[in-house]
Structure formats: C-alpha cells, structure tokens
Amino acid sequence: MTKRGTNITLALDACGGDFGPEVTVAAACDAISQRNDLEIVLTGPESQVSAHLSGLTDRQLSRISFVPAKMVLDSDVGPVAAVRSGDESSLGCAIGLWA
C-alpha cells in the first residue's frame, strides 16, 4: 500500500498473457485513464507495443514509459527459464526493472 500523494509504478510485460499487447496495453491505458497516481513501464518489442498506445492524452502518455526487449517468450516457457532469459525477453526485462 502506498501513502496518499505518492505514485504507484508498475512494470508490465506488454506481451504477456494469452492475447499479448492487444489486451495488456489496452488494460494499461485503461488503468492510466482511471488512476492519476499510477505510472506504468511497459516492456516488449517496440513494434508490437507502440501500435496499441493510441487514444491517450499527452498527460496520460507521460505516465507510460517503455523499455524495449529483444524477444517474447513462448507461453510454454517455465518460470525458471523466463528468469534466466534476463533482459532479453519482455518478461525478464520487467522482472529486471525491480530486481
């Protein structure tokens, strides 16, 4: 829990989940629209993420940052392999931001 007046920063693997950036980036945009205290760092291949950021105001976009990742892990990759991928993958990159 954070104190009032402080921001929450969330690292999000934009290519995660069953449907990838189409859903995760839309959810990030929705969250930014609803919470003024939220900042989101998206990770993933830029070409797959940037196309889904339309419709936000400049103020909302200023609270979303992007860290590029070279690859996206297949859904059948286990958690140990995901961590070992380091910042090469979108998930590893998101984990690495907070490790």
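Summarised in this report is the structure supplied together with it. (Residues numbered from 1 in each chain as written. Predicted model: local features only at pLDDT ≥ 70, side-chain atom pairs only at ≥ 80, totals over all residues. Heavy atoms only, no water.)

## Comments concerning the overall build of the protein
Helix and strand content of the protein: 5 helices and 3 strands. Whereas a compact globule of 99 residues would reach a radius of gyration of roughly 13 Å, the protein reaches 14 Å, a difference of no more than 12%. Counting only contacts in the protein whose residues sit at least 6 apart along the sequence, the fraction spanning at least 24 positions is 57%. Counting every atom, the protein has about 6,400 Å² of accessible surface; 54% of that belongs to carbon and sulfur. For the protein, the distance from the average site of its 7 positive side-chain charges to the average site of its 12 negative ones is 14 Å. (Helix = DSSP H or I, 4+ residues; strand = E, 2+ residues; numbered from the N terminus. Rg over C-alpha atoms; globule rule 2.2 N^0.38 Å. Contact = heavy atoms within 4.5 Å. Areas by Shrake-Rupley, 256 points an atom, 1.4 Å probe, with all protein chains shown as cover. Lys, Arg positive; Asp, Glu negative; His and termini not counted. Charge placed at Lys NZ, Arg CZ, Asp CG, Glu CD.)

## Points about a nonpolar patch on the surface
Together, Val83, Leu91 and Ile95 line one region of the surface with nonpolar side chains, adding up to about 230 Å² of accessible area. Here valine 83 is to be found in helix H4 (residues 79-84). (Patch = residues over 30% accessible without salt bridge, like charges linked within 9 Å, V, L, I, M, F, W, Y side chains within 5 Å. Salt bridge = Lys/Arg side-chain N within 4 Å of Asp/Glu carboxyl O.)

## Observations regarding the state of the cysteines
Under the criterion given, the structure shown has 0 disulfides. Between cysteine 29, a free cysteine, and cysteine 15, which holds the nearest cysteine sulfur, the sulfur-to-sulfur gap is 14 Å. Taking the relative accessible area as the measure of exposure, cysteine 29 reaches 9% and is therefore buried. (Disulfide = S-S within 2.5 Å. Buried < 20%, exposed > 50% of the residue type's maximum accessible area, 1.4 Å probe, protein only.)

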